[in-house]
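Structural features, examined
This is what each chain is made of:
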Amino acid sequence: MLRIAVCDDEEKFLSVFSNSIEELIEKNGYDMTLSSYSNVSLFLNEHESSAFDIVFLDIEMPELGGFQCVERLRKFNEDVIIIFVSNHESYVFHSFVFRPFRFIRKSRFYNELEEALDSSAAHYYEKNRVYNVASEVGMVSVNLTDIRYFDVYSHNVFMHMKDKKLLVKKSLKEVEDELASLGFIRIHKSYLVSFRYIYFIQTNSITLVNMEKLPMSKHRAKDVKEKMIYFTKRFED
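Figured I'd write up the structure that's included with this text. (Residues numbered from 1 in each chain as written. Predicted model: local features only at pLDDT ≥ 70, side-chain atom pairs only at ≥ 80, totals over all residues. Heavy atoms only, no water.)

**Topic: the pairing of strand β13 (residues 198-201)**
Sheet analysis places β13 next to strand β14 (residues 205-208), joined by 3 bridges and oriented antiparallel. Bridge pairing in β14 places F200 opposite T207. Hairpin connection, β13 to β14: the antiparallel pair is bridged by 3 residues. (Pairing = 2+ DSSP bridges. Helix = DSSP H or I, 4+ residues; strand = E, 2+ residues; numbered from the N terminus.)

As structure tokens, then:
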């Protein structure tokens, strides 16, 4: 269940805004819970106790502004989805450095809220999707964003993650058929790579974010670049 929070010191707006979210949750059948706060300290304490997944955050608050809250929020959940809410459109440019998912104008929130809620929920579920696969240690469930790449070695397929690799009991073609639409790109007959970890594409190789180099077939280069652009727009926007 997604945990949603709204924090705004203007109690009248907070009530109207929260009621609108509740209506959208009921209307669209979302599996979400909503908590509303006019007190920043209470909000942060609750987040630190049990982190929220999506936060609608007012930028101007007397005790601690929205921009200042973000660092503390991400300390306890670095993937928390931040949606800034403000009367001042000029803040949108200052907000970029904090990587908000959306910026909602209070004067137009009736028009902008539903899209922001729909998109943020879809983004959350996409990023937290798991891959269930039979491995050398039995069935495992791995978050897709934790998988860097798959490769073939001595007719065995290995799944590489940050700190370990596992032998999986599938062919690379079977894995590709399952994950090709979810951000995994075939760069070579023996390699299937998550676009999230590709740092640089060369003529016949790619470099991952950890500076590891993997071979890439020259005839696949154009397709790899096109898929990188597509997946970046789809999953990272």
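Alright, that's what it looks like, and here's the rest.
**Points about the environment of Y30**
Locating Y30 in the fold gives a position in the loop between α1 (11-28) and β2 (32-37). Residues Y30 and I147, 117 residues apart in the sequence, show an inter-C-alpha distance of 28 Å. Those residues within four positions of Y30 in sequence are excluded, and the remaining contacts are L24, I25, L117 and D118. (Contact = heavy atoms within 4.5 Å.)

**Digging into the sheet that holds β13**
Strand order across the open sheet formed by 3 strands is β13-β14-β15, with antiparallel pairing between neighbours. Every other strand in the sheet has two partners, leaving β13 and β15 (213-215) as the edge strands with one partner each. Taking each pair of neighbouring strands and ignoring which way they run, the sheet shows an average axis angle of 30°. (Axes fitted to C-alpha atoms, helices over the stretch in contact; angles between N-to-C directions.)

**Some remarks on the pattern of salt bridges**
All told, the structure shown has 13 salt bridges when counted by the stated rule. Put simply, K173 and D177 hold a salt bridge, and the shortest N to O gap is 2.8 Å. With K173 and D177 both in helix α6 (residues 172-179) and 4 residues apart, this pair spans about one turn of that helix. Here E226 makes a salt bridge to K222, at a shortest N to O gap of 2.5 Å. One end of the pair is E226 and the other is K222, both in helix α7 (residues 221-236) and 4 residues apart, which spans about a single turn. Three or more residues joined by partner-sharing salt bridges are found here, namely D8, E10, D58 and K106. (Salt bridge = Lys/Arg side-chain N within 4 Å of Asp/Glu carboxyl O.)

**Let's talk about the packing of aromatic side chains**
Under the criterion given, the structure shown has 17 aromatic pairs. Seen from their ring centres, F13 and F109 are 5.4 Å apart, and the 80° between their planes marks the pair as edge-to-face. Of this pair, F13 sits in helix α1 while F109 sits in helix α5 (residues 109-127), and the two are 96 residues apart along the sequence. When its relative accessible area of 14% is taken as the criterion, F13 is described as buried. We classify F109 as buried; its relative accessible area is 4%. Geometrically, the ring pair formed by F67 and F98 is stacked, given 4.8 Å between the ring centres and 15° between the ring planes. (Phe/Tyr/Trp six-rings, centres within 6.5 Å; stacked < 30°, edge-to-face > 60°. Buried < 20%, exposed > 50% of the residue type's maximum accessible area, 1.4 Å probe, protein only.)

**Details of the sheet that holds strand β5 (residues 102-105)**
Across the sheet, 5 strands lie side by side as β2-β1-β3-β4-β5; this open sheet has parallel pairing. Single-partner strands in this sheet number two, and they are β2 and β5. Each strand of the sheet is rotated relative to its neighbour by a mean of 20°, with strand direction disregarded. Pairing geometry for strand β1 (residues 2-7) and β2, over 6 bridges, is parallel. In the strand pairing of β2, I4 is matched with L34. Against the sheet, α1 touches β1, β2, β3 (54-58), β4 (81-86) and β5, its axis set at about 180° to β2. Lying on the sheet, α5 is in contact with β1, β2, β3, β4 and β5; it crosses β5 at an angle near 160°.

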